[in-house]
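# An overview of the molecular structure
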Amino acid sequence: MKGNEALAEAAIQAGCSFYAGYPITPQNEIPEYLSRKLPAAGGTFIQAESEVAAINMVYGASACGARAMTSSSSPGISLKQEGISFLAGAELPAVIVNMQRGGPGLGNISASQADYFQAVKGGGHGDYRMIVYAPYNVQELWDLTLLAFDKADEYRTPVMVLGDGILGQMMEPFEPTPYVRPLLPEKTWALGGCVNRQPNVVRSLYMADGELERRNGLLQEKYRTMKARDVLYQTYDVGDAELIVVSFGIAARIAIAAVRKLREEGWKIGHFRPVTLFPFPERQLRELAGPDRRFMTVELNAGQMVEDVRLAVNGRSDVLFYGRPGGAIMTPEELYERLKDELKG
Amino acid sequence: MNKTIDRSPSLKKVPLRYCPGCGHIIIHRLIAEVIDALNIRERTIGIAPVGCAVFAYDYFDIDMLEVAHGRPPAAATGMKRVRPDSIVFSYQGDGDLASIGTAEIVHAANRGENISVFFVNNATYGMTGGQMAPTTLRGQVTTTTPKGRETGTAGYPLHVAEMLAALEGPSLIARTAVDSPANVKTTRDLIERSFRCQLENKGFSMIEILSACPTNWNMTPSQSTIWLREHMMNEFKLGVFRDAGKANVTRG
Ligand SMILES: Cc1ncc(C[n+]2csc(CCOP(=O)(O)OP(=O)(O)O)c2C)c(N)n1
């Protein structure tokens, strides 16, 4: 089973009953798998006429209370941004998968992390964020997809699973842990006919005096709660490290291999892997910062997450960057040499 | 004479903030009346478009969703598929449906989604101040066609009903108007037929409704009624263009 298929099956296990998407490489295994399996599980699969239509179908399905998902890759995710902004504004849960490819424009179809800014800073118009999960293996594609549906419902928010071309195509053993549904609030806001209740309205338009600012305040409150409760990250050998490599997703697999090798050789190096890119592990990074320690972010882009690490450490440590943009990928050996140069000083 | 007819319960007793002579008011009333006549208020979910009717969610006393400009047929698809027992309608203007949302309406129609679409054609963009719409007539002056619509650069009035009637997906496609008591009656009947299509699982239906916009046409309400009859109806023929197998029956 490829990473993309594991993700698709996890969505079914999590009770996703509606999927709409438009074909784009490298994530086609997701719609293909769901077209075979979702109807049999009682759900709806639609190949939409465009990514714009797909995200709006998800918007409609979610407004009616269904667990709904769409998936795409970078150019298609750009097209979904208006819809994601509407989901955030109307406080509708949804899961959006981006198996990133190289950009800008049509770019290429190899793995990339160039959509980091778009994913974590909002992406569409208006002041909003979404929870962004960055799996780095097939196990996490499974686990974080299950979690994404729960968090979407818990916060009534769009949640993104941010993968990349390699992760989606990868085959490796994983444990398909059974889905256990947590206690979540009833969707009393959902549309479905006003039987024995006042009509429900789902909207993002707030024209009355001060109304929109109040709504924005509620959204920001939600994001503060996420920052306090939902940060996920993993550290390796950071205790005495003089250099901490920070990377996520597929770049973290490469970086961890290089860091381990250097550790075995006795270098004081560690690794920090954000699993949630929003909420970003700001506090955890800040607590690790200090004058005797440097950070280096390793990314498959021209330097995006490095800005958030700099904000987090706020001048307490130097923050370096190593990356390959445009769908290029570094080898562990290449990174090993680069890190060793840095450690030698 | 002081006789007034009370509003149907599905339309709230709040002021409808439309200009005098605006067709949206009549069309809202008709939809609400049919919902109540068919006794489907507690099963119905409506979609408010981006356009002058954006506040429809404040007017209809039913579950309502507000959707991005042009995307109601896609959202309605998602809604109906997860709630097949609900009655789902979208209410859209000509900018919403015939310009920015052409892909969504064509493909929802082509899939034969079991939804009702009420398409209000007033030959202009009302909400944004009277710019050219795809349905603007040849030579019609708007705020973005100061010399009148020139087909050489701005294209031709788009005939949505005829376009959709050419597809195999739809069950019922018709064009009507709300300019006279007789046409208002026909419009009401077509709205009812559209909802019945859905109740009987016959699939997609769209009722295009020619409607006046005196404010942006720079006319009085009575002048605009005459203009609608003399000019719009000349371009946009009324009739039933597709009726589940009975295709292209035109009148008027
Ligand atoms: C993506 C996007 N583009 C443009 C607009 C601005 N806008 C609001 S309503 C509208 C057109 C409305 O015209 P129509 O659909 O004919 O409805 P009417 O107001 O005439 O009833 C436009 C262009 C918008 N809200 N969103």
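Treat the numbers as computed from the prediction; the structure is a model and nothing was measured.

Helices and strands together make up the secondary structure of chain A, namely 13 helices and 13 strands. Taken against the 2.2 N^0.38 rule, which gives 20 Å for 345 residues, the C-alpha radius of gyration of chain A at 20 Å falls within 12% of a compact globule. By its C-alpha atoms, chain A is 70 × 45 × 40 Å across when sized along the principal axes. Looking at chain A as a whole, 60% of its 345 residues qualify as buried. For chain A, the share of sequence-separated contacts (at least 6 apart) that also reach a separation of at least 24 residues comes to 78%. When the accessible surface of chain A is split by element, carbon and sulfur atoms take 50% of a total near 13400 Å². A distance of 2 Å separates the average location of the 36 positive side-chain charges in chain A from that of its 41 negative side-chain charges.

What the rule picks out here adds up to 39 salt bridges over all chains. Note that Lys151 of chain A is salt-bridged to Glu154 of chain A, the shortest N-O span being 3.1 Å. Here Lys151 of chain A and its partner Glu154 of chain A are both found in helix H7 (residues 138–155), 3 residues apart, which amounts to about one turn of the helix. The residue Arg175 of chain B makes a salt bridge to Glu162 of chain B at a minimum N-O spacing of 2.6 Å.

As a further point, take the interface of chain A and chain B. On the side of chain B, 30 residues touch chain A, which itself brings 33 residues to the contact. Between chain A and chain B lies a buried interface of about 2600 Å² when both sides are counted; carbon and sulfur atoms form 62% of it. Our count for the chain A to chain B interface comes out at 3 salt bridges. Among the ionic pairs, Glu82 of chain A bridges to Arg71 of chain B, the shortest N-O distance being 3.9 Å. Here chain A is connected to chain B by 14 residue pairs in polar contact (both at pLDDT 80 or more). For the side of chain A that touches chain B, the secondary structure elements donating two or more residues are strand S2 (44–47), helix H3 (51–63), helix H5 (81–89) and strand S7 (201–202) of chain A. Examining the composition of the side of chain A that touches chain B, we find that 8 residues originate from one element, H3 of chain A, more than from any other. Split by residue class, the side of chain A that touches chain B holds 20 nonpolar, 9 polar and 4 charged. As paired elements, S7 of chain A and strand S2 (residues 63–66) of chain B share 2 bridges and run parallel to each other.

Around the ligand there are 17 residues in total, and Cys52, Asp94, Gly95, Asp96 and Gly126 of chain B lie nearest to it. Chains contributing residues to the immediate surroundings of the ligand are chains A and B. Within the side chain of His24 of chain B, an N or O atom sits 2.9 Å from an oxygen atom of the ligand. Between the ligand and Gly95 of chain B there is a distance of 2.9 Å, counted from an oxygen atom to a backbone nitrogen or oxygen. Coverage of the ligand by the protein chains reaches 75% of its 590 Å² of free accessible surface. Ranked by residues supplied to the shell around the ligand, first place goes to helix H4 (residues 94–100) of chain B with 4 residues. Its residues assigned to classes, the shell around the ligand comprises 5 nonpolar, 9 polar and 3 charged.

Before going further, it helps to spend a moment on the sheet that holds strand S8 (residues 233–236) of chain A. All names here are of chain A. The sheet built from 5 strands is open, its strands ordered S8-S10-S9-S12-S13 with mixed pairing. Here the strands that pair on one side only, and so sit at the sheet edges, are S8 and strand S13 (318–323). Going from strand to strand, the sheet's axes swing by 20° on average, the running direction of each strand aside. In terms of strand pairing, S8 meets strand S10 (residues 269–274) through 4 bridges, oriented antiparallel. Directly across from Gln234, in S10, lies its bridge partner Arg273.

Glancing now at the nonpolar core. Within the largest apolar cluster, 139 residues are counted, with the highest numbers of intra-cluster contacts made by Met69, Phe295 and Leu339 of chain A together with Phe204 of chain B. The greatest single-element share of this core, amounting to 9 residues, is contributed by H7 of chain A. Taken together, domain 1 (3–229) and domain 2 (233–344) of chain A each give at least three residues to this core, which thus spans both. Each residue touching Phe295 of chain A, except ones within four places of it in the same chain, is listed here: Leu243, Ile244, Val246, Leu285, Leu288, Ala289, Val309, Val313, Ser317, Asp318, Val319 and Leu320 of chain A. Of all hydrophobic cores here, the second largest spans 35 residues; its members include Ala48, Val120, Phe195 and Val240 of chain B.

Residues and elements named next belong to chain A. Summarising the element assignment, Gly89 is placed in helix H5. A sequence separation of 78 residues divides Gly89 from Leu167, and the C-alpha atoms of the two residues are 31 Å apart. In contact with Gly89, not counting residues within four places along its chain, are Arg203, Ser204 and Arg215.

The next subject is the sheet that holds strand S6 (residues 158–164) of chain A. Neighbouring strands of a sheet are bound in pairs by backbone hydrogen bonds; such pairs are parallel or else antiparallel. Residue and element names in this part refer to chain A. Here we have 7 strands laid out as an open sheet, ordered S2-S1-S3-S4-S6-S5-S11, and mixed in their pairing. If you trace the sheet from one side to the other, it starts and ends with S2 and strand S11 (276–278), each paired once. Averaged over all pairs of adjacent strands, the angle between strand axes in this sheet comes to 20°, irrespective of strand direction. As judged from the 4 bridges shared by strand S1 (residues 18–21) and S2, these two strands associate in the parallel manner.

Moving on: the environment of Ala108 of chain B. Residues and elements named next belong to chain B. One can find Ala108 in helix H5 (residues 102–110). Owing to a relative accessible area of 0%, Ala108 belongs among the buried residues under this scheme. Setting aside chain neighbours within four positions, we find Ala108 in contact with Pro73, Thr77, Glu113 and Phe204.

Here the focus is the pairing of strand S1 (residues 44–48) of chain B. Residue and element names in this part refer to chain B. In terms of burial, S1 is a largely internal element, 5 of the 5 residues being buried. Side chains Thr44, Gly46 and Ala48 of S1 all project onto a buried face; the interleaved residues Ile45 and Ile47 project onto the opposite face, where all are buried too. Note: S1 against S2, 4 bridges, orientation parallel. Counted as the bridge partner of Ala48 is Glu66 from S2.

Before going further, it helps to examine the state of the cysteines. Taken as a whole, this structure holds 0 disulfides over all chains when the rule is applied. Lacking any disulfide linkage, Cys16 of chain A is separated from the closest cysteine sulfur, that of Cys64 of chain A, by 15 Å. We note that Cys22 of chain B lacks a disulfide partner, and the nearest cysteine sulfur, in Cys19 of chain B, lies 6.2 Å from it. Residue classification places Cys22 of chain B among the buried residues on the basis of a relative accessible area of 11%.

So, how was this worked out
Residues numbered from 1 in each chain as written. Chains lettered and ligands numbered in written order. Predicted model: local features only at pLDDT ≥ 70, side-chain atom pairs only at ≥ 80, totals over all residues. Heavy atoms only, no water. Helix = DSSP H or I, 4+ residues; strand = E, 2+ residues; numbered from the N terminus. Rg over C-alpha atoms; globule rule 2.2 N^0.38 Å. Buried < 20%, exposed > 50% of the residue type's maximum accessible area, 1.4 Å probe, protein only. Contact = heavy atoms within 4.5 Å. Areas by Shrake-Rupley, 256 points an atom, 1.4 Å probe, with all protein chains shown as cover. Lys, Arg positive; Asp, Glu negative; His and termini not counted. Charge placed at Lys NZ, Arg CZ, Asp CG, Glu CD. Salt bridge = Lys/Arg side-chain N within 4 Å of Asp/Glu carboxyl O. Buried area = accessible area lost by both parts, 1.4 Å probe. Polar contact = N/O pair within 3.5 Å; in protein donor to acceptor, adjacent residues only side chain to side chain. Nonpolar A, V, L, I, M, F, W, Y, C, P; charged D, E, K, R; others polar. Pairing = 2+ DSSP bridges. Near = heavy atom within 4 Å. Axes fitted to C-alpha atoms, helices over the stretch in contact; angles between N-to-C directions. Core = buried A, V, L, I, M, F, W, Y, C linked by side-chain atoms within 4.5 Å. Domains from an automatic or database assignment. Disulfide = S-S within 2.5 Å.

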